[in-house]
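Spelled out from the first residue to the last, the chains are:
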Amino acid sequence: MSSHHIVKEKQEPALYIDELGNFNEELLGQLLEWSPTLLVNGDNYDKIQSLGIKIDVLVNGKDGDGQEDTKVIQGPVDSFMVAINYLVGEQYPAANVIAAKFDLEKFAGFEEDINLVVFTEKAKHYPIKSGFSVWKPAGSEFLIHGNRYLEVTNLMQREDEIFEVVNDGFVEFTFSGNPIFISEPL
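Presented here is a report on the structure given in the accompanying data block. Bear in mind the structure is a predicted one, so any value in this text is a computation, not a measurement.

The rules behind these values
Residues numbered from 1 in each chain as written. Predicted model: local features only at pLDDT ≥ 70, side-chain atom pairs only at ≥ 80, totals over all residues. Heavy atoms only, no water. Core = buried A, V, L, I, M, F, W, Y, C linked by side-chain atoms within 4.5 Å. Buried < 20%, exposed > 50% of the residue type's maximum accessible area, 1.4 Å probe, protein only. Helix = DSSP H or I, 4+ residues; strand = E, 2+ residues; numbered from the N terminus. Contact = heavy atoms within 4.5 Å. Pairing = 2+ DSSP bridges. Axes fitted to C-alpha atoms, helices over the stretch in contact; angles between N-to-C directions. Phe/Tyr/Trp six-rings, centres within 6.5 Å; stacked < 30°, edge-to-face > 60°. Salt bridge = Lys/Arg side-chain N within 4 Å of Asp/Glu carboxyl O. Right-handed = clockwise from strand over helix to strand, strands pointing away.

**With respect to the nonpolar core**
Judged by nonpolar contacts, the single largest core of 32 residues is most densely connected at I17, L28, L38, I98, F142 and F173. Here this core gets 4 residues from one element, more than from any other, and that element is helix α1 (residues 25-32). In this structure I17 touches L28, L38, L39, V40, N41, N44, I48 and I98, once residues within four positions along its chain are discounted. Of all hydrophobic cores here, the second largest spans 23 residues; its members include I73, F80, F102 and L116.

Following this line, the structure appears as structure tokens:
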């Protein structure tokens with residue numbers, strides 16, 4: 001008896017590759033494992049195509065680029081904004097983004113529209129709401145973006161925005177207002 005995985009459209013987070021750079025190929029494979037809708041920045045089209053990966057949506061690509069059945073979308077703003085606006089418009093609940101660097105100004109503001117997780121070469125960045133908790137082993141690190149008042153449990157501040165888990169167990173973040181972004185090393 002064989003097992004078959006049936007993935008309902010939009011059940012898995014979409015994947016938008018803004019810039020692949022030296023991103024870990026094994027992690028890329030994990031993000032592609034369940035065949036998410038794949039959007040690629042036109043500037044990265046050749047590199048992604050050379051890896052033999054099926055591209056669903058090409059963002060701000062050149063005329064003539066695109067595989068068979070690849071949708072090409074264009075916009076007047078940077079490719080990230082075009083891609084995220086497309087995903088929100090298509091009612092995707094979540095998306096993973098691979099980018100060269102994490103820029104809080106660029107990624108903040110979408111928390112109410114879509115659940116974003118941004119992967120860079122060395123870390124994963126995501127928004128959390130007050131009351132968020134997660135189990136982590138002692139010594140794990142979090143970078144908390146933005147200079148705001150918040151209460152944390154089981155964390156010790158090491159540097160300006162870097163916190164370390166004190167004991168194996170749950171870490172909880174409590175604050176008022178909008179979601180905040182935190183980062184974890186990969």
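The structure having been displayed, the exposition proceeds.
**Topic: the sheet that holds strand β13 (residues 169-174)**
Pairing within the open sheet is antiparallel, and its 3 strands lie in the order β8-β13-β10. Of all the strands in the sheet, just β8 (133-136) and β10 (151-153) have a single pairing partner and so form its edges. Neighbour-to-neighbour, the strand axes of the sheet open up by a mean angle of 20 degrees, direction not taken into account. In terms of strand pairing, β10 meets β13 through 3 bridges, oriented antiparallel. Residue T153 lies in a different strand from β13, and its bridge partner there is E172.

**Examining the packing of aromatic side chains**
For the structure shown, the criterion picks out 8 aromatic pairs. Here F80 and F107 contribute two aromatic rings whose centre-to-centre distance is 4.7 Å and whose plane-to-plane angle is 80 degrees, an arrangement assigned as edge-to-face. Placement of the pair is F80 in helix α3 (residues 79-89) and F107 in helix α4 (residues 104-107), with a sequence separation of 27 residues. The class for F107 is buried, based on a relative accessible area of 1%. Judged by centre distance (6.1 Å) and plane angle (40 degrees), the rings of F132 and F173 are tilted. With F132 in the loop between β7 (123-128) and β8 and F173 in strand β13, the pair connects residues that are 41 residues apart, well separated along the chain.

**A closer look at the environment of Q67**
Topologically, Q67 is positioned in the loop between β3 (57-59) and β4 (71-73). For Q67 and Q30, which are 37 residues apart along the polypeptide, the C-alpha to C-alpha distance reads 22 Å. Filtering out sequence-adjacent residues up to four positions away, Q67 remains in contact with Y45, Q49, I53, K54 and I55.

**A short note on the pattern of salt bridges**
According to the stated counting rule, one finds 5 salt bridges in the structure shown. For K106, the salt bridge is made with D18, and the minimal N-O distance between the two is 3.6 Å. Residue K106 is located in helix α4, and its partner D18 is located in the loop between β1 (14-17) and α1; the two are separated by 88 residues in the primary sequence. Taking the relative accessible area as the measure of exposure, D18 reaches 12% and is therefore buried. Across the pair D78 and K106 runs a salt bridge whose closest N-O atoms are separated by 3.8 Å. Here D78 is found in the loop between β4 and α3, whereas its partner K106 is found in helix α4, with 28 residues between them in sequence. One salt-bridge network, held together by shared partners, links D18, D78 and K106.

**Let's talk about the pairing of strand β2 (residues 38-41)**
Here β2 shows a buried face lined by L38 and V40 and a second buried face lined by L39 and N41. Taken together, the 3 bridges between β1 and β2 define a ladder with parallel strand orientation. Bridging from a neighbouring strand, I17 pairs with V40 of β2. On the question of chirality, the crossover connecting β1 to the parallel β2 by way of α1 is right-handed. Note that β2 and β3 share 3 bridges and pair parallel.

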